[in-house]
Amino acid sequence: MSGKSSVVACVGILLLFAGGLAAAQEEAAIKPGTVITMQNWQNYKDYLPAGLQLMFDGKTPWKLEPDYRMVIGPTHNYRWP
């Protein structure tokens, strides 16, 4: 295999892999309408930034209220101006 054809093959394989990852991430995304509470936040911690995880955990001076609810909305795609 020549150098150019092996590069093309590698790029093709990477594109197929990236497409599979994007599909897997869409399937694993939190569904709109899901409510994250103080009782179930650990089920969704992979989707939460570290700072928000600390606030849900309550072991820092910054805490969320015990009845805090985060309702997940639909994803929006915005065009750049």
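Residues numbered from 1 in each chain as written. Predicted model: local features only at pLDDT ≥ 70, side-chain atom pairs only at ≥ 80, totals over all residues. Heavy atoms only, no water.

(A) The arrangement of the side chain of threonine 34 in detail. Looking at the secondary structure, you find threonine 34 in the loop between helix H1 (3-28) and strand S1 (35-37). Within the structure, threonine 34 has its side chain in polar contact with the backbone oxygen of lysine 31 (distance 2.7 Å). In contact with threonine 34, other than residues within four places in its own chain, are Tyr44, Met70, Val71 and Ile72. (Helix = DSSP H or I, 4+ residues; strand = E, 2+ residues; numbered from the N terminus. Polar contact = N/O pair within 3.5 Å; in protein donor to acceptor, adjacent residues only side chain to side chain. Contact = heavy atoms within 4.5 Å.)

(B) Seen up close, the nonpolar core. Ile30, Ile36, Trp41, Leu48, Leu52, Phe56, Leu64, Met70 and Ile72 together form the largest nonpolar core, which totals nine residues. Excluding its chain neighbours within four sequence positions, the residues that come into contact with leucine 52 are Leu64 and Met70. (Core = buried A, V, L, I, M, F, W, Y, C linked by side-chain atoms within 4.5 Å. Buried < 20%, exposed > 50% of the residue type's maximum accessible area, 1.4 Å probe, protein only.)

(C) Expanded view of the pattern of salt bridges. A complete count under the given rule lists one salt bridge for this structure. Linking aspartate 57 and lysine 59 is a salt bridge whose minimum nitrogen-to-oxygen distance equals 4.0 Å. (Salt bridge = Lys/Arg side-chain N within 4 Å of Asp/Glu carboxyl O.)

(D) Focus on the packing of aromatic side chains. Applying the stated criterion to the full structure yields two aromatic pairs. Ring geometry for tryptophan 41 against phenylalanine 56: centres 5.6 Å apart, planes inclined by 15 degrees, an arrangement best described as stacked. Placement of tryptophan 41 in the loop between S1 and helix H2 (50-57) and of phenylalanine 56 in helix H2 is noted, with a sequence separation of 15 residues between them. Note on accessibility: tryptophan 41 and phenylalanine 56 belong to one class, buried. With a centroid separation of 5.8 Å and 70 degrees between ring planes, the pair formed by phenylalanine 56 and tyrosine 68 is classed as edge-to-face. Placement of the pair is phenylalanine 56 in helix H2 and tyrosine 68 in the loop between H2 and strand S2 (69-71), with a sequence separation of 12 residues. Members of the aromatic cluster, connected to one another through ring pairs, are Trp41, Phe56 and Tyr68. (Phe/Tyr/Trp six-rings, centres within 6.5 Å; stacked < 30°, edge-to-face > 60°.)

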